[in-house]
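# Architecture at a glance
If you want the building blocks of each chain, they are given just below.
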Amino acid sequence: MRLATIHLNGRPTCVAILKSGAKLDIARAAANLPAADALRPGSMQQLIAGGPEALEVLRGLVAEAEEGKHVGALAPADAPTLAPIPDPRKNVFCVGRNYAEHIAEGERAQKQKIGVTEYPVFFTKPPTAIVPPSGDVLIFPEVSEAIDYEVELTVVIGKPGRNISRADAMDHVFGYTILNDITARDIQRRHGGQYFKGKGLDGSCPIGPWIVTAEAIKNPHALSIGCKVNGEQRQLGNTADMIFDIPTLIASVSEGLTLEPGDMIATGTPSGVGYAMDPPCFLKDGDTVVCEISEIGTLENTVRAV
């Protein structure tokens, strides 16, 4: 299933995207169902927290809608799309240096040895950085002159857990979405190698356009992943090339740290980023950035200087 959040009647509303592209207002469709407590609020966060039982009820509603039922619960086609989880409870977890070719291009650009780390490199992006599909990626010329893009497959956690084993990790995955890890490279380098400041600016975390539930992705480690800027292909890779796979990332980040429903883990980016080009090619006002991952879709945003 594809699940999105739209702006409807003044509030975020969770919808299921039907095969026709129509949007099923889950809360309205579930209004009279006795076993749909997690669906009736119309919140993606509460739907995810509802676990397998909520998903099973939702699958039934979607199947009925595909057969022509629940017509009165269809949302307007022009309702604006928000980030799938517009106000996450935590920062978004992110992974650095998880594709070998991206590490190699960084070594060439920085003229220094970076290498593969023994353990995953983690940082986070705050909720204030989140941008919806078709929303503006903000750049602040007086703050940074080196804004870059990074397309990333992002895991959405469904089942809570701490000290999760690799063997059990995939049982904790609710689904997948696309994230663009917008990065101020000059700020990133300025703060002693700590990533947070350079990757946490307002408008630096486009996410979407929806969440694809885990069972709908045949193999998350075999997806093409790419990014275009103004129609020019900049990044093109495959999630098979991740150094640390999804079970390893979940196991690692959950060591002594509880993952909760709705938490997101961006899994790193392939090569082709702007700062490693010769000469470097950073984002500028008016640029269009399109991130694409097979079996999920595309996330498009426009860059706006403020």
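Every chain is numbered independently, its residues counted from 1 as its sequence is written. With pLDDT at 70 or above as the cut-off, local features in this predicted model cover only qualifying residues; side-chain atom pairs require 80 or more to be listed or tallied, and sums for whole chains, interfaces and linings still use all residues. Calculated side-chain values reflect all of the structure's heavy atoms, with hydrogen atoms and water omitted.

It is worth spelling out empty space enclosed by the protein at this point. Detection works on a 1 Å grid of protein atoms alone, calling trapped sets that fit a 1.4 Å probe cavities and calling open sets with protein on both sides within 12 Å along at least five of seven lines pockets, with lining residues defined by an atom within 4 Å of a point. Grid points are joined across faces, edges and corners, and a volume is the space filled by probe spheres set on the points. All chains considered together, the criterion is met by one cavity of 30 Å³ or more. In this structure, the largest cavity spans a volume of roughly 40 Å³. Taken together, L138, I147, I182, T183, A184, G198, K199, G200, L201, D202 and S204 make up the lining of the largest cavity. Helix and strand definitions follow DSSP, with helices as H or I runs of at least four residues and strands as E runs of at least two, each counted in order from the N terminus. Counting residues per element, the ones that place at least two in the lining of the largest cavity are β12 (183–184) and α7 (196–199). Gly is placed with the polar residues, together with every amino acid not listed as nonpolar (Ala, Val, Leu, Ile, Met, Phe, Trp, Tyr, Cys and Pro) or charged (Asp, Glu, Lys and Arg). Looking at the lining of the largest cavity residue by residue, the class counts come to five nonpolar, four polar and two charged.

If charged atoms from side chains of opposite charge come close, those side chains can pair. The salt bridge criterion pairs a side-chain nitrogen of Lys or Arg with a carboxyl oxygen of Asp or Glu, the two atoms within 4 Å. One pass over the structure, following the stated rule, counts 16 salt bridges. The shortest N-O distance in the salt bridge between E215 and R59 comes to 3.4 Å. Within this pair, whereas E215 is found in the loop between β13 (205–213) and β14 (224–229), its partner R59 is found in helix α3 (residues 51–66), the two being separated by 156 residues in sequence. Classification of E215 as partly exposed rests on a relative accessible area of 47%. Residue exposure (1.4 Å probe, protein chains only): buried if accessible area is under 20% of the type maximum, exposed if over 50%, otherwise partly exposed. When its relative accessible area of 29% is taken as the criterion, R59 is described as partly exposed. Here E232 and R234 are joined by a salt bridge, their closest N and O atoms 3.1 Å apart. By relative accessible area, R234 is classed as buried at 13%. Because the salt bridges share partners, they merge into one network encompassing K125, D148, E150, D181, R185 and K199.

Looking now at the packing of aromatic side chains. Aromatic rings from Phe, Tyr and Trp, with only the six-membered ring used for Trp, were paired whenever their centres fell within 6.5 Å, and each pair was classed as stacked if the ring planes differed by under 30 degrees, edge-to-face if by over 60, and tilted otherwise. Inspection of the entire model under this criterion finds one aromatic pair. Plain terms: the ring middles of F123 and Y195 are 5.2 Å apart, the flat faces sit at 65° to each other, and that makes the pair edge-to-face. Taken together, the residues F123 in strand β6 (residues 121–125) and Y195 in the loop between α6 (185–190) and α7 connect sequence positions 72 residues apart. Comparing F123 with Y195, the two get one shared label, buried. The ring of W210 has R2 lying over it, and the distance from NZ or CZ to the ring centre is 4.7 Å. The residue whose ring lies beneath R189 is Y275, and the NZ or CZ to ring-centre distance is 4.9 Å. Here, a charge over a ring means that NZ of Lys or CZ of Arg falls within 6 Å of the ring centre while also lying within 35 degrees of the ring normal.

It is worth spelling out the layout of surface pockets at this point. Gaps between atoms show up when a probe of the same size as a water molecule is rolled over them. In this structure, the largest pocket encloses a volume near 340 Å³. Looking at the lining of the largest pocket, the elements that each hand over two or more residues are β5 (92–96), α4 (100–110) and α6. Here the second largest pocket is characterised by a volume of approximately 220 Å³. G51, P52, L55, V173 and F174 are, among the 13 residues lining the second largest pocket, the residues nearest its centre.

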